[in-house]
Amino acid sequence: ERLYLSYARNYGLNVRIARYHNIFGPEGTWKGGKEKAPAAICRKIAECENEGTIEIWGDGQQTRSFLYIDECIEATRRLMNSNFEGPVNIGSEEMVTINEMVELVAKIANKKINRRHKIDAPIGVRGRNSDNNLIRSKLGWDYSMSLEEGLTKTYQWIREQIFSLS
(Lines give C-alpha, C1' and ligand atoms only; values in the text may rest on other atoms or scores of the structure.)
Protein backbone atom coordinates (compact mmCIF):
# COMPACT_ATOMS: atom_id res chain seq x y z
CA GLU A 1 0.00 0.00 0.00
CA ARG A 2 2.78 2.40 0.84
CA LEU A 3 4.49 1.68 -2.46
CA TYR A 4 1.31 2.48 -4.43
CA LEU A 5 0.71 5.67 -2.47
CA SER A 6 4.34 6.64 -3.04
CA TYR A 7 3.93 6.16 -6.81
CA ALA A 8 0.76 8.24 -6.66
CA ARG A 9 2.64 11.10 -4.97
CA ASN A 10 5.84 10.86 -6.99
CA TYR A 11 4.51 10.02 -10.46
CA GLY A 12 0.90 11.16 -10.46
CA LEU A 13 -0.34 7.58 -10.77
CA ASN A 14 -4.01 7.11 -9.92
CA VAL A 15 -4.32 4.40 -7.27
CA ARG A 16 -7.15 2.88 -5.30
CA ILE A 17 -6.48 0.59 -2.34
CA ALA A 18 -9.13 -1.85 -1.15
CA ARG A 19 -8.84 -4.29 1.71
CA TYR A 20 -11.20 -7.14 0.93
CA HIS A 21 -12.73 -9.12 3.80
CA ASN A 22 -13.72 -12.73 3.01
CA ILE A 23 -15.54 -12.43 -0.30
CA PHE A 24 -17.70 -15.41 -1.33
CA GLY A 25 -20.40 -16.48 -3.75
CA PRO A 26 -21.26 -18.68 -6.72
CA GLU A 27 -18.66 -19.28 -9.44
CA GLY A 28 -15.86 -19.35 -6.84
CA THR A 29 -13.58 -22.21 -5.87
CA TRP A 30 -15.68 -24.74 -3.98
CA LYS A 31 -13.54 -27.88 -3.83
CA GLY A 32 -9.92 -29.00 -3.90
CA GLY A 33 -8.65 -27.53 -0.64
CA LYS A 34 -8.26 -23.90 -1.79
CA GLU A 35 -11.87 -22.88 -1.12
CA LYS A 36 -12.78 -20.42 1.63
CA ALA A 37 -14.98 -21.31 4.62
CA PRO A 38 -18.42 -20.47 3.12
CA ALA A 39 -17.82 -22.61 0.02
CA ALA A 40 -16.22 -25.44 2.02
CA ILE A 41 -19.13 -25.56 4.45
CA CYS A 42 -21.70 -25.38 1.65
CA ARG A 43 -19.95 -28.25 -0.18
CA LYS A 44 -19.58 -30.40 2.93
CA ILE A 45 -23.24 -29.98 3.84
CA ALA A 46 -24.44 -30.53 0.28
CA GLU A 47 -22.45 -33.79 0.12
CA CYS A 48 -23.52 -34.90 3.61
CA GLU A 49 -26.56 -37.03 4.34
CA ASN A 50 -29.19 -35.65 6.72
CA GLU A 51 -27.97 -36.21 10.30
CA GLY A 52 -24.47 -36.89 8.95
CA THR A 53 -21.22 -35.43 10.25
CA ILE A 54 -18.88 -32.86 8.71
CA GLU A 55 -15.37 -31.90 9.77
CA ILE A 56 -14.72 -28.36 11.00
CA TRP A 57 -11.20 -27.01 11.41
CA GLY A 58 -10.59 -25.76 14.94
CA ASP A 59 -13.25 -25.51 17.63
CA GLY A 60 -15.61 -23.53 15.39
CA GLN A 61 -15.58 -20.52 17.71
CA GLN A 62 -13.31 -18.45 15.45
CA THR A 63 -15.25 -15.45 14.11
CA ARG A 64 -15.33 -13.92 10.65
CA SER A 65 -17.48 -11.65 8.51
CA PHE A 66 -18.24 -12.57 4.91
CA LEU A 67 -19.31 -10.37 1.98
CA TYR A 68 -21.26 -11.61 -1.04
CA ILE A 69 -19.45 -11.09 -4.35
CA ASP A 70 -22.08 -8.82 -5.95
CA GLU A 71 -21.76 -6.39 -3.06
CA CYS A 72 -17.97 -6.50 -3.35
CA ILE A 73 -18.17 -5.60 -7.03
CA GLU A 74 -20.43 -2.63 -6.33
CA ALA A 75 -18.13 -1.32 -3.58
CA THR A 76 -15.08 -1.77 -5.82
CA ARG A 77 -16.82 0.03 -8.69
CA ARG A 78 -17.64 2.94 -6.40
CA LEU A 79 -14.05 3.09 -5.16
CA MET A 80 -12.65 3.04 -8.70
CA ASN A 81 -15.02 5.81 -9.81
CA SER A 82 -14.17 8.01 -6.82
CA ASN A 83 -11.25 10.28 -6.05
CA PHE A 84 -10.57 8.45 -2.78
CA GLU A 85 -7.27 6.54 -2.89
CA GLY A 86 -7.88 4.47 0.21
CA PRO A 87 -7.06 2.22 1.84
CA VAL A 88 -10.63 1.24 2.55
CA ASN A 89 -12.22 -1.94 3.91
CA ILE A 90 -14.69 -3.73 1.67
CA GLY A 91 -16.53 -6.26 3.78
CA SER A 92 -19.52 -7.04 5.94
CA GLU A 93 -19.85 -6.28 9.62
CA GLU A 94 -22.16 -9.28 10.20
CA MET A 95 -19.78 -11.37 12.29
CA VAL A 96 -20.46 -15.07 12.92
CA THR A 97 -18.61 -18.02 14.36
CA ILE A 98 -17.82 -20.88 12.02
CA ASN A 99 -20.20 -23.04 14.09
CA GLU A 100 -22.98 -20.49 13.52
CA MET A 101 -22.30 -20.55 9.80
CA VAL A 102 -22.57 -24.36 9.80
CA GLU A 103 -25.96 -24.06 11.53
CA LEU A 104 -27.08 -21.45 8.98
CA VAL A 105 -26.09 -23.54 5.95
CA ALA A 106 -27.69 -26.64 7.54
CA LYS A 107 -30.91 -24.63 7.89
CA ILE A 108 -30.69 -23.54 4.24
CA ALA A 109 -30.13 -27.18 3.22
CA ASN A 110 -32.94 -28.34 5.52
CA LYS A 111 -30.59 -30.84 7.15
CA LYS A 112 -29.52 -31.71 10.66
CA ILE A 113 -25.72 -31.76 10.65
CA ASN A 114 -23.30 -32.99 13.30
CA ARG A 115 -19.83 -31.46 13.60
CA ARG A 116 -16.51 -33.12 14.29
CA HIS A 117 -13.92 -30.50 15.23
CA LYS A 118 -10.37 -31.01 14.04
CA ILE A 119 -8.58 -29.14 16.80
CA ASP A 120 -5.07 -29.60 15.34
CA ALA A 121 -6.00 -28.02 11.97
CA PRO A 122 -4.98 -24.43 11.08
CA ILE A 123 -7.63 -21.88 12.07
CA GLY A 124 -6.01 -18.50 11.42
CA VAL A 125 -6.66 -15.59 13.75
CA ARG A 126 -9.33 -16.04 16.43
CA GLY A 127 -11.51 -13.22 15.12
CA ARG A 128 -11.64 -10.78 12.24
CA ASN A 129 -14.29 -8.28 11.14
CA SER A 130 -14.56 -5.37 8.74
CA ASP A 131 -14.98 -1.80 10.01
CA ASN A 132 -16.97 -0.01 7.30
CA ASN A 133 -17.16 3.48 8.81
CA LEU A 134 -14.64 4.91 6.35
CA ILE A 135 -16.25 3.50 3.20
CA ARG A 136 -19.66 4.68 4.40
CA SER A 137 -18.39 8.22 4.92
CA LYS A 138 -16.17 8.47 1.82
CA LEU A 139 -18.19 6.51 -0.75
CA GLY A 140 -21.68 6.24 0.72
CA TRP A 141 -21.51 2.46 0.33
CA ASP A 142 -22.83 -0.17 2.70
CA TYR A 143 -23.62 -3.84 2.22
CA SER A 144 -27.28 -4.77 2.14
CA MET A 145 -27.35 -8.55 1.64
CA SER A 146 -27.46 -10.68 4.76
CA LEU A 147 -25.11 -13.60 5.18
CA GLU A 148 -28.09 -15.95 4.98
CA GLU A 149 -29.15 -14.55 1.59
CA GLY A 150 -25.64 -14.88 0.18
CA LEU A 151 -25.16 -18.38 1.59
CA THR A 152 -28.50 -19.47 0.13
CA LYS A 153 -27.39 -18.45 -3.37
CA THR A 154 -23.95 -19.99 -2.85
CA TYR A 155 -25.30 -23.25 -1.42
CA GLN A 156 -27.75 -23.67 -4.32
CA TRP A 157 -24.99 -23.09 -6.88
CA ILE A 158 -22.54 -25.50 -5.19
CA ARG A 159 -25.27 -28.13 -4.82
CA GLU A 160 -25.97 -27.83 -8.57
CA GLN A 161 -22.25 -28.29 -9.31
CA ILE A 162 -22.09 -31.44 -7.17
CA PHE A 163 -25.17 -33.00 -8.73
CA SER A 164 -24.11 -32.09 -12.27
CA LEU A 165 -20.91 -34.09 -11.66
CA SER A 166 -22.86 -37.16 -10.49
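Here, the structure is the one placed above.
Residues numbered from 1 in each chain as written. Predicted model: local features only at pLDDT ≥ 70, side-chain atom pairs only at ≥ 80, totals over all residues. Heavy atoms only, no water.

### A closer look at the nonpolar core
Item 1. Core analysis: the largest hydrophobic core is formed by 28 residues, its most contacted members being I45, M101, V105 and L151.
Item 2. Listed by contribution, the elements that provide at least two residues to this core are α2 (37-47), β3 (53-57), α4 (98-109) and α6 (147-165).
Item 3. It is α4 that contributes the most residues to this core, 7 residues altogether.
Item 4. Other than its neighbours up to four places away in sequence, L151 contacts F24, P38, C42, M101, L104, V105 and I108.
Item 5. Core analysis: the second largest hydrophobic core is formed by 10 residues, L67, C72, F84 and V88 among them. (Core = buried A, V, L, I, M, F, W, Y, C linked by side-chain atoms within 4.5 Å. Buried < 20%, exposed > 50% of the residue type's maximum accessible area, 1.4 Å probe, protein only. Helix = DSSP H or I, 4+ residues; strand = E, 2+ residues; numbered from the N terminus. Contact = heavy atoms within 4.5 Å.)

### Points about the packing of α4 against α6
Item 1. At their nearest, the axes of α4 and α6 sit 10 Å apart, and the two run at 60° to each other. Between α4 and α6, the angle falls in the class oblique. Where α4 crosses over α6, the two elements pack in a sense that is right-handed. For the pair α4 and α6, the contacting residues are M101, L104, V105, K107, I108 and A109 in the first and L147, E148, L151, T152 and Y155 in the second.
Item 2. Looking at the contact of α4 with α6, its residues break down into 8 nonpolar, 1 polar and 2 charged. (Axes fitted to C-alpha atoms, helices over the stretch in contact; angles between N-to-C directions. Parallel < 35°, antiparallel > 145°, perpendicular 65-115°, else oblique. Left-handed = near helix turned anticlockwise from the far one by under 90°. Nonpolar A, V, L, I, M, F, W, Y, C, P; charged D, E, K, R; others polar.)

### Some thoughts on helix α3 (residues 69-80)
Item 1. Between its first and last C-alpha atoms α3 spans 16 Å; for 12 residues at 1.5 Å apiece the expected length is 16 Å, and the two agree.
Item 2. Buried residues of α3: E71, C72, A75 and L79, and no others. Along α3, the residues classed as buried sweep out an arc of 100° about the axis, all on the same side. (Expected span 1.5 Å × (residues − 1). Arc of directions from axis to C-beta.)

### Describing the pairing of β3
Item 1. The side-chain alternation of β3 yields one buried face, formed by I54 and I56, and one unburied face, formed by T53, E55 and W57.
Item 2. Examined bridge by bridge, β3 and strand β8 (residues 114-118) share 5 bridges and lie parallel to one another. Note on β8: the bridge partner recorded for W57 is K118. (Pairing = 2+ DSSP bridges.)

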